[in-house]
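A look at the structure
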Amino acid sequence: RATSNHKVKETVALELSYVNSNLQLLKEELEELNSSVDVYQNESESISVPMIPLGLKETKELDLLGPLKDFISEHYGEEGVLFEKEIKEFMELRQAMRTPSRNEAGLELLMEYYNQLYFLDSRFFPPTKTLGVFFHWYDSLTGVPSHQRALAFEKGSVLFNLGALHTQIGARQDRASLPGLNQAIDAFQKAAGAFNYLKENFSNAPSLDMSAASLTMLVRLMVAQVQECVFEKMTLLRAQNDFLARLQLAQEAARVEDVYSLVHQTMSQPHVKDYVPFSWTTMVQVKSEHFKALSHYFAAIALCDCPAPSDAELLEQEKAFLQFHVTMPEGPSLRVLLQDPEERRKLGKAHLKKAIMKHEEAMRIHGLCKILRKMDILQEVLSFAHKRSLSKYSEIDHEEDFFETGEAPDIHRDAFHVSPSSQGPLSVFSAKNKWYPARRVHLVRGENGFGFTLRGDSPVLIAGVIPGGCAAEAGLKEGDYIISVNGKDCKWSKHAEVVQLLKSTGKEGVDIGVITLQGSECPKAVDRKAAVMSSGSGMLKSNKENSRKSLMNSKSASTLLVWGKKSKRSKKSTYSGVPFTAVGDNEAMY
C-alpha cells in the first residue's frame, strides 16, 4: 500500500510468503507438541481406543511480595513486613501449582491454590483499584501468551487446568477393567463440569482456549468420551450371546456415534475450526465412523448368531426390534423376520455391508492425519474391527445368493434400555451413587409373613429386617432397594404396587431383585435426620468460609460439578447414600 513500485511489492510479497510458511511450520510443530493424544494414554497391554486429553495452561513466575506488602501498609495501615512469611508461603503454593502431579494430589494442589485465591480476591483486590500485577498464562493448545490484571483470569486459568488434569487422569485409566472404566467416567464427567462452570461464570477471557465457543466444544468432547466409556462398560457387563443385549450394544454404539458427530460439527464451526488441532478433529471423525460401524456390526450378529425366539420370547423381542431402526427395514413383517432364519441372515448381511463401508471410511480418514498415523494402537483397533466384520460377512455369505443386498436402515440411537422405566429415578440411579451388584433373592412366605419392613416409593426400600425371619435367612438386608419382583421391573413402582406383587405370590414363593448402595447402613430415621442436618450445616459453613481444611476432607476436587452459581441445593437430603425421598413416613411390616 505504501508504494506503487511493482518490484518492491513483489519483494515484499515474497518475504511475507516466507514468513507465512515459517509460521505454518511452527504452528504444526506446536500442534504436535501441545495436542498430542498419545502422551497420557494408559500403558497397559490391553487394546482400547485412545482418548483425547488436554494439556495444561502454563504460567510465568509471579512476584507478589512487594505489591501485597505495599497494599497492606497503605490500605490496612499495618507493617507489610510482618506478613512476609505468609506471602512467601502463598507464592510457594503458586509455584508448586504450576507443575501439578497427574493424580489426586495434583488435583488437591490446584484446588488448594484456587481456595487461597478466594481470600486474596476479597482482601487485596478492591473493585476500584488494581495491584498493578499482570497474570501471564499461555494458551493450552497454541502456546500464545495472554495477560490480564484481573484476578478472575488467574482463577479461570486454574479451573481450566483442573479440568485439563481430569482429562489426563481419565485418558490414562486402564479401560479394560471395570474399576478403570468407572474412574475414567468419573474423571471425564468432572472435566466436563469444570469446563461448563468456566463457560457459565467466566466471560471475556483473553485466551482462545477459555472462549465460550472453545469451552462448549470441550464440554461436548468430554461428554462424548464419557458415552464411549459407558459403551465399553456395557461390553464388559452384558452377556454377549443374548439377542436383546446385542441390540442394546448396537444402540449404545449408535449413541456414541451421534455424540461424536455433534463434537465434530462443533469443531467445524468458524470460531473453532482454525484453533482446534487437526489431529483432534480427525480423531473425533474417525470415532464417529468407527462407532457407526460397530452399531451395524452388533445388529448383524444379533440377527445372525442368536437363535430364533421362542413363543415366550417373541413378544419382547418384537417390541424391542420395533424401536431399533430409524426406519423399518423393507420386507416381511417383524414377526416373520424374527422367526425366519433366512430373513434374519439377509438383514444381517445388509448391516454387515454397511459396517464394512464405515470401517473403511474410518481407516481412510485416519490415514489423512500424520499424527494419528503414528498411533499404532488406534490403527490396530480399527484394523481389528474391520477384519472382524469382513470375517463375519464371509461366514454368512452364500455362493447361491442371487439377491442384491439391500440398504440396512440406520440404528436408532435412543436405546430402549435407557428409558426412565428401566433406569430408575435419579435420586438413586445416578452417576454419583455407587452400588453393589444386583442380587436375586428367593423368598417363601412364613407364618409371620416375609419378615421385613418396607418404606417409600420408586424404588421401595427395605427399612428393616426381622432377625431370624424369612427375609433375613434369604440374605436381605436393611437398606436394600427392591428393583424387581418375579422379573417385573419395580424401580419406578409405588409402595402399594410392590406390596400387591408380593401378596399375589403363592406357595412357590417369590424372586426379588435388590441392590444395595455402597455405604448405606440405613440408621434410624431420627439419627439419620440429625446427621444430615449436622453435615448439611457444616457444608454450608465450609462453603461460606471457603475453608481449605473442609474442602480437602471432602475431596474438594470432586465438588466442582456443583459449584455453578445458577444451581440450587437439592431439597432431597441424603445420608450414607440413602435419599430421604425414597423413605416415606409411613412404614409397614410384611
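Residues numbered from 1 in each chain as written. Predicted model: local features only at pLDDT ≥ 70, side-chain atom pairs only at ≥ 80, totals over all residues. Heavy atoms only, no water.

Named according to an unreviewed UniProt entry, the protein is RHPN1 protein originating from Drymodes brunneopygia. Quoted verbatim from the Sequence similarities (unreviewed entry) heading of the UniProt record, the comment on the protein is "Belongs to the RHPN family." (UniProt positions renumbered as here; feature names shortened; annotations may be inferred.)

Moving on, we come to the overall build of the protein. When helices and strands are tallied, the protein shows 20 helices and eleven strands. Looking at the protein as a whole, 46% of its 590 residues are labelled buried. Taking the intrachain contacts of the protein between residues at least 6 apart in sequence as the baseline, contacts between residues at least 24 apart amount to 76%. Carbon and sulfur atoms provide 52% of the accessible area of the protein, an area that totals close to 30,700 Å². (Helix = DSSP H or I, 4+ residues; strand = E, 2+ residues; numbered from the N terminus. Buried < 20%, exposed > 50% of the residue type's maximum accessible area, 1.4 Å probe, protein only. Contact = heavy atoms within 4.5 Å. Areas by Shrake-Rupley, 256 points an atom, 1.4 Å probe, with all protein chains shown as cover.)

To continue, consider the confidence of the model for the protein. Of all residues in the protein, 79% have pLDDT values of 70 or greater, and the mean over the chain is 80. Here residues 415–421 is a poorly scored stretch, pLDDT under 50, and it has 21 contacts once near neighbours within four places are set aside; other chains count. For residues 522–586, every residue scores under 50 in pLDDT, and the model assigns this stretch 101 contacts once sequence neighbours within four places are set aside. (pLDDT = per-residue confidence, 0-100.)

Our focus in this paragraph is the pattern of salt bridges. Scanning the model with the defined rule gives 21 salt bridges in all. Between E318 and R335 there is a salt bridge, with the nearest N and O atoms lying 3.0 Å from each other. Of the two residues, E318 is situated in helix α11 (residues 311–322) and R335 in helix α12 (residues 334–339); the sequence distance between them amounts to 17 residues. Owing to a relative accessible area of 38%, R335 belongs among the partly exposed residues under this scheme. Across the pair E361 and R364 runs a salt bridge, and its minimum N-O distance is 2.8 Å. With E361 and R364 both in helix α13 (residues 341–367), this residue pair falls three residues apart, about one helical turn. One continuous salt-bridge network, built from bridges that share partners, spans K292, K354, E407 and D410. (Salt bridge = Lys/Arg side-chain N within 4 Å of Asp/Glu carboxyl O.)

Moving on, we get to the pairing of strand β5 (residues 460–465). On a regular strand, one side chain projects to one face of the sheet and the next to the other, so that they alternate. A large share of β5 lies buried, amounting to five of its six residues. Counting the residues that bridge the hairpin from strand β4 (residues 452–455) to β5 gives four residues, and of these G456 lies at a positive phi of roughly 75°. As paired strands, β5 and strand β6 (residues 480–485) are joined by two bridges and run antiparallel to one another. Residue pairing for β6: L461 is matched across the bridge by Y481. (Pairing = 2+ DSSP bridges.)

Here a ring pair, both rings aromatic, is described through the centre-centre distance and the interplanar angle of the planes. Considering all chains together, one arrives at 15 aromatic pairs under this definition. Between F231 and F298, the aromatic rings sit 6.1 Å apart at their centres with planes inclined by 65°, giving edge-to-face as the arrangement. Of the two residues, F231 is situated in helix α7 (residues 212–237) and F298 in helix α10 (residues 278–305); the sequence distance between them amounts to 67 residues. The pair F231 / F298 is uniform in exposure class, with both members buried. The rings of F231, Y260, F291, Y297 and F298 are connected pair by pair, giving a single aromatic cluster. (Phe/Tyr/Trp six-rings, centres within 6.5 Å; stacked < 30°, edge-to-face > 60°.)

Our focus in this paragraph is a nonpolar patch on the surface. The grouping of V8, V12 and L16 at the surface amounts to a nonpolar patch, some 230 Å² of accessible area in total. Mapping L16 onto the fold places it in helix α1 (residues 6–34). (Patch = residues over 30% accessible without salt bridge, like charges linked within 9 Å, V, L, I, M, F, W, Y side chains within 5 Å.)

Here we take up the nonpolar core. Considering soluble globular proteins, one finds that nonpolar side chains tend to be buried as a cluster. Counting residues in hydrophobic clusters, the biggest one holds 114 residues, and the most contacted among them are F195, L221, W280 and F321. Discounting chain neighbours no more than four positions away, the residues touching F195 are L54, F160, G163, A164, T167, L215, L218, V219 and M222. Core analysis: the second largest hydrophobic core is formed by 18 residues, L476, I482, C490 and V510 among them. (Core = buried A, V, L, I, M, F, W, Y, C linked by side-chain atoms within 4.5 Å.)

Here we come to the side chain of E257. Locating E257 in the fold gives a position in helix α8 (residues 243–267). Put simply, E257 is tucked away with no salt bridge, and the nearest opposite charge, on K292, sits 4.6 Å away. Setting aside anything within four residues of it in sequence, one finds E257 in contact with S288, F291 and K292. (Lys, Arg positive; Asp, Glu negative; His and termini not counted.)

For the structure on display, the rule yields three cavities of 30 Å³ or more. Quantified by volume, the largest cavity comes out at close to 40 Å³. What lines the largest cavity is simply A350, K353, K354, M357, G406, E407 and A408. In terms of residue class, the lining of the largest cavity is made up of three nonpolar, one polar and three charged. (1 Å grid on protein atoms, 1.4 Å probe; cavity = no way out; pocket = protein on both sides within 12 Å on 5 of 7 lines; lining within 4 Å. Points joined across faces, edges and corners; volume = space filled by probe spheres on them. Nonpolar A, V, L, I, M, F, W, Y, C, P; charged D, E, K, R; others polar.)

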